[in-house]
Amino acid sequence: MNKPLLTIEGLETQFKTYAGMVQAVRNVNLTVNEGEVLAVVGESGSGKSVTMMSFMRLLAKNAVVSGKVEFNGVDLLKLSNKEMSKIRGREISMVFQDPMTGLNPVLTIGTQMREGIMLHLGLNKAEANKRAIELLNKVGVPEPARRLSQYPHEFSGGMRQRVMIALGLACNPRLIIADEPTTALDVTIQAQILELMKQLKKEMNTAIILITHNLGVVAGMADRVAVMYGGRVAEVGTVHQIFHQPRHPYTWALLRAIPRLDEHKRRLESITGSPPNMLKPPGGCPFHPRCAHAMSVCTSEAPEMTELGNNHRAACWLMHPDAPKVDFNQEVTKA
Amino acid sequence: MARYILQRVITMLVVAWVVVTLTFFMMKALPGGPFASEKKLPEAILKNIERRYKLDRPLMEQYFDYLKNVVKWDLGPSFKYEGRTVNDVINKGFSVSAKLGGLSILISLVLGVPIGVIGAMRHNGLLDRVTSGLAILTAAAPSFVIAGLLQYYLGFKLKWFPPATWGTTKHYVLPTIALCSFSLAWLIKLTRSSMLEVTNQDYVRTARAKGIPEFWVVYRHMIKNALVPVIASLAPLTAGILVGSFIIEFIFAIPGVGREFVVSITNRDYTVTLGMTVFYGFLLTGFTLVGDILTALVDPRVRLDKEG
Ligand SMILES: Nc1ncnc2c1ncn2[C@@H]1O[C@H](COP(=O)(O)OP(=O)(O)O)[C@@H](O)[C@H]1O
Ligand SMILES: [Mg+2]
């Protein structure tokens, strides 16, 4: 369980644009262990998707990626395109956010499901069909045999996302990256899809990186959580650590933003201010312009990751021995 | 699919009827009859002629007669040339025009689509820059300018090809180049931008994430999608070629329908002008129909009889 499957070390991703270099990902370090669910949370624009797309090598040509990403002992950033395409879909698969645009509108679901299966598993068309039917069955698409000859527009949003998940499962990958797999769906279908993923994870023991900005989802599914902000990891730890001993002010802000049934009187608080412009990220800690605890050091120097015990880490100057002590319990429940 | 085609066919028949009706009444509304030439004809003779061509009947009767004949594909006699019918004029010119126009459409498609695709794949590469430049040039220069230049330099000066008239294979070269230049440039531009747009689509990323080799990503996932707007442009493309052929046939003195059409207008040969407008209208509706059916074949979202 605790054997690392994916290790991201010092990942940096920039985009060359006419406006300048966009610093989308800055020195990200993360580990995913075999069979575990790592949730990655943070407001949109914090670099979650770009981090994943960087080592999947799915970014456009204007992206400059550096660092080291070891999967199963090999550095993905050093592989040839051909070697990489043997890992994509086979060892690591992705489930994207928008099921409405993620499937090819002019190809049948069958064609789209078969191609990866035939390619990676070396099956013929009939065998691939059987496998596709099996997969659709597993993700709860009714009448799978008939559905295979249909086109994406004949499916509802929820059904399409099931198909996307089936595509992700197709070759029994060791890691599935699910990038906000339920954001585009309505709440009941969201719950169904998440339940499905939980159950599949239990059955197949696949590791999952689950990108979401729904902390409720995190609590229900994840083993560990990484909080990202401004292209950096702000805090990482187990679900228990992040929810019950959060140490980074940004994590506090995220937790404050969760609606709670037991506290009717408290207004749902969204985080004040807006995420940084990654063309010109603020110096020092990226969160300091929005942070109630910002000190002068925060504006000039980026905080290092501090180990807090049991692999709980946070990048914040408040962790420094000389910093004032702040009670996180109070911070999270503050009105 | 069958229901979709049937529906399109019915729509096109309605469009064809509207074309016939509109042209008929517009022609009738024009001032000056077909026999109003400089020489004033004596009243009696004019009456006689009008009776002969049934021009003395009430308008609606003339209209229904005409409609009935169009259904039988009989477009009536020419007013200017004794013994020639409009059908004769069209039949005679059409084989020539069809060759010229068909060749131009074929060349535009066969060259334009692959060049557009390659241009998009090698975005800002040498081929892309060269063809984009040429495309802008040909799109900006009207075909009669290109025709004139070709005629003068390759025809009169260098004598590589006959500068005008029709006959041998060599006669095809200059008018075909002049006629297809615009549509070729247009298709290259359309295919290229359509491919570039498809490149950024989520489903292309999905395909890559599946580990599909790049060739299949382009071939299976991108081109088919990129072709949807290209196929949909088939009808306007042929319309462009048809209109272009009026001018090109005139400049190169090619005995096609396009030239007859232009001549009929200057001759005030009303039945020929009317008949040819109807003919062109039908041709275009036909191409629109073919384009619609092809679009439906490529893009399942267009078909109406979906299940569920
Ligand atoms: N192709 C691109 N070109 C330039 N900037 C990009 C590109 N893709 C993403 N970015 C920028 O990178 C940053 C991180 O984006 P992303 O990883 O998509 O955020 P999220 O956490 O919402 O997934 C954003 O500021 C975004 O604007
Ligand atoms: Mg994202």
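Everything quoted here is computed from the prediction, not taken from an experiment.

Peer 1: Outline the sheet that holds strand β4 (residues 63-71) of chain A, supporting the account with residue identities and numerical values.
Peer 2: Residues and elements named next belong to chain A. Pairing in this open sheet of four strands is antiparallel, and the strands run β2-β1-β4-β5 from one edge to the other. Since the sheet does not close on itself, it has two edges, and those belong to β2 (20-33) and β5 (74-75), each with one partner. Seen against the sheet, helix α1 (residues 48-56) touches β1 (4-17), β2 and β4 and runs at an angle of roughly 105° to β1.

Peer 1: So, the environment of Pro282 of chain A: which residues are in play, and what are the values?
Peer 2: All names here are of chain A. As for its placement among the helices and strands, Pro282 is situated in the loop between α10 (249-256) and α11 (296-300). As a C-alpha pair, Pro282 and Thr299 span 17 residues in sequence and 7.7 Å in three-dimensional space. Apart from residues lying up to four places away in sequence, Pro282 is in contact with Pro276, His288 and Pro289.

Peer 1: Tell me about the site of ligand 1, and name the residues and values.
Peer 2: Residues and elements named next belong to chain A. Around ligand 1, 14 residues are found, and the nearest of them are Gly45, Gly47, Lys48, Ser49 and Val50. Ser46 has a polar backbone atom sitting 3.2 Å from an oxygen atom of ligand 1. When ligand 1 sits alone it has 570 Å² of accessible area, and the protein chains cover 68% of it. Residue assignment for the shell around ligand 1 shows that the elements contributing at least two residues are β1, β2 and α1. A total of three residues in the shell around ligand 1 trace back to one element, the largest contributor, which is α1. Among the residues forming the shell around ligand 1, the class breakdown is five nonpolar, seven polar and two charged.

Peer 1: Tell me about the packing of aromatic side chains, and please be specific about residues and values.
Peer 2: The description of an aromatic ring pair rests on the distance of the ring centres and on the angle between the ring planes. Residue and element names in this part refer to chain A. Tallying each qualifying case throughout the model produces 20 aromatic pairs over all chains. Consider the rings of Tyr229 and Tyr250, whose centres lie 4.5 Å apart with planes at 55°: the pair is tilted. With Tyr229 in strand β9 (residues 224-229) and Tyr250 in helix α10, this residue pair connects regions lying 21 residues apart in the sequence. This pair shows no difference in class: Tyr229 is buried, exactly as Tyr250 is.

Peer 1: Break down the side chain of Asp75 of chain A for me, citing the residues and quoting the values.
Peer 2: Residues and elements named next belong to chain A. As for its placement among the helices and strands, Asp75 is situated in strand β5. There is a polar contact of 3.3 Å between the side chain of Asp75 and the backbone nitrogen of Val69. Setting aside anything within four residues of it in sequence, one finds Asp75 in contact with Gly67, Lys68, Val69 and Glu70.

Peer 1: Tell me about the layout of surface pockets, and please be specific about residues and values.
Peer 2: In this structure, the largest pocket encloses a volume near 1400 Å³. Residue lining of the largest pocket: 37 residues in total, with Leu59, Ala60 and Lys61 of chain A together with Arg208 and Glu214 of chain B positioned closest to the centre. Elements that contribute at least two residues to the lining of the largest pocket include exactly α1, β4, α2 (81-87) and α3 (109-121) of chain A together with α4 (86-121), α7 (170-199), α8 (202-209) and α9 (214-232) of chain B. Residue composition of the lining of the largest pocket, grouped by class: 16 nonpolar, eleven polar and ten charged.

Peer 1: Tell me what's going on with the interface of chain A and chain B, and back it up with residues and numbers.
Peer 2: Contact with chain A, which involves 28 residues of that partner, is made by 21 residues of chain B. Between chain A and chain B, the buried area comes to about 2300 Å², and carbon and sulfur atoms account for 58% of it. Per-residue buried area on chain A facing chain B is highest for Val106, Glu115 and His153 of chain A; these three make up 26% of the total on that side. For the pair chain A and chain B, the number of links is two salt bridges. Where chain A touches chain B, the interface holds twelve residue pairs in polar contact (both at pLDDT 80 or more). Put simply, the parts of the chain that give the side of chain A that touches chain B at least two residues each are α3 and α6 (157-169) of chain A.

Peer 1: Give a detailed account of the sheet that holds strand β6 (residues 92-95) of chain A, specifying residues and quantitative values.
Peer 2: All names here are of chain A. One open sheet accounts for eight strands, arranged β6-β7-β8-β3-β9-β10-β12-β11; its pairing is mixed. Edge positions in the sheet fall to β6 and β11 (305-307), since each has one partner strand and no second. Sheet twist, expressed as the average angle between the axes of neighbouring strands with direction ignored, equals 20°. Note: strand β10 (residues 232-238) against strand β12 (residues 313-315), two bridges, orientation antiparallel. Bridge assignment links Val236 to a residue of β12, and that residue is Arg313. Running over the sheet, α1 touches β3 (37-41), β6, β7 (175-179), β8 (207-211) and β9 and is turned about 140° from β8. Relative to β9, α10 is tilted by about 105°, and along the sheet it contacts β3, β9 and β10.

Peer 1: For the confidence of the model for chain B, give the residues involved together with the corresponding values.
Peer 2: Caution applies to low-pLDDT parts of the model: their predicted coordinates are not meant to be read in detail. All names here are of chain B. On average, residues of chain B score 87 in pLDDT, and 96% of them are at 70 or above. Across chain B, α8 holds the top mean pLDDT of 95, while helix α2 (residues 43-52) sits lowest at 80. Reported confidence for the predicted complex is 0.88 by ipTM and 0.83 by pTM.

Peer 1: I'd like to hear about the packing of helix α5 (residues 126-140) of chain B against α7 of chain B, residue by residue, with values.
Peer 2: Residues and elements named next belong to chain B. Taken N-terminus to C-terminus, the directions of α5 and α7 make an angle of 130°; their axes are 8 Å apart at the nearest point. Here α5 is positioned oblique relative to α7, judged by the angle of their axes. The crossing of α5 and α7 is left-handed. Residues Asp128, Ser132, Ala135, Thr138 and Ala139 of α5 lie in contact with α7, whose contacting residues are Ser181, Phe182, Ala185 and Arg192. For the contact of α5 with α7, the class distribution of residues is four nonpolar, three polar and two charged.

Peer 1: Describe the nonpolar core, naming the residues involved and giving the relevant values.
Peer 2: The biggest cluster of nonpolar side chains holds 104 residues, and the ones touching the most others in it are Leu6, Phe55, Leu76, Leu175 and Ile209 of chain A. Take this core: its biggest share by element is seven residues, from α6 of chain A. In this structure Leu175 of chain A touches Leu5, Leu6, Val32, Phe71, Glu91, Ile92, Ser93, Thr206, Ala207, Ile208 and Ile209 of chain A, once residues within four positions along its chain are discounted. Counting 32 residues, the second largest nonpolar core, distinct from the first, contains Leu179, Leu187, Met195 and Val217 of chain B.

Peer 1: Residue-level account of the pattern of salt bridges, with values.
Peer 2: This structure, assessed with the given rule, holds 22 salt bridges over all chains. Between Lys68 of chain A and Glu70 of chain A there is a salt bridge, with the nearest N and O atoms lying 3.8 Å from each other. For Glu70 of chain A, a relative accessible area of 28% gives the class partly exposed. Where Arg192 of chain B meets Asp128 of chain B, a salt bridge forms, and the shortest distance between an N and an O atom there is 2.6 Å. Of this pair, Arg192 of chain B sits in helix α7 while Asp128 of chain B sits in helix α5, and the two are 64 residues apart along the sequence. Taking relative accessible area as the criterion, Arg192 of chain B reaches 18% and is therefore assigned buried. The structure contains a network of salt bridges with shared partners spanning Lys3, Glu34 and Arg174 of chain A.

The rules behind these values
- Residues numbered from 1 in each chain as written.
- Chains lettered and ligands numbered in written order.
- Predicted model: local features only at pLDDT ≥ 70, side-chain atom pairs only at ≥ 80, totals over all residues.
- Heavy atoms only, no water.
- Pairing = 2+ DSSP bridges.
- Helix = DSSP H or I, 4+ residues; strand = E, 2+ residues; numbered from the N terminus.
- Contact = heavy atoms within 4.5 Å.
- Axes fitted to C-alpha atoms, helices over the stretch in contact; angles between N-to-C directions.
- Near = heavy atom within 4 Å.
- Polar contact = N/O pair within 3.5 Å; in protein donor to acceptor, adjacent residues only side chain to side chain.
- Areas by Shrake-Rupley, 256 points an atom, 1.4 Å probe, with all protein chains shown as cover.
- Nonpolar A, V, L, I, M, F, W, Y, C, P; charged D, E, K, R; others polar.
- Phe/Tyr/Trp six-rings, centres within 6.5 Å; stacked < 30°, edge-to-face > 60°.
- Buried < 20%, exposed > 50% of the residue type's maximum accessible area, 1.4 Å probe, protein only.
- 1 Å grid on protein atoms, 1.4 Å probe; cavity = no way out; pocket = protein on both sides within 12 Å on 5 of 7 lines; lining within 4 Å.
- Points joined across faces, edges and corners; volume = space filled by probe spheres on them.
- Buried area = accessible area lost by both parts, 1.4 Å probe.
- Salt bridge = Lys/Arg side-chain N within 4 Å of Asp/Glu carboxyl O.
- pLDDT = per-residue confidence, 0-100.
- Parallel < 35°, antiparallel > 145°, perpendicular 65-115°, else oblique.
- Left-handed = near helix turned anticlockwise from the far one by under 90°.
- Core = buried A, V, L, I, M, F, W, Y, C linked by side-chain atoms within 4.5 Å.

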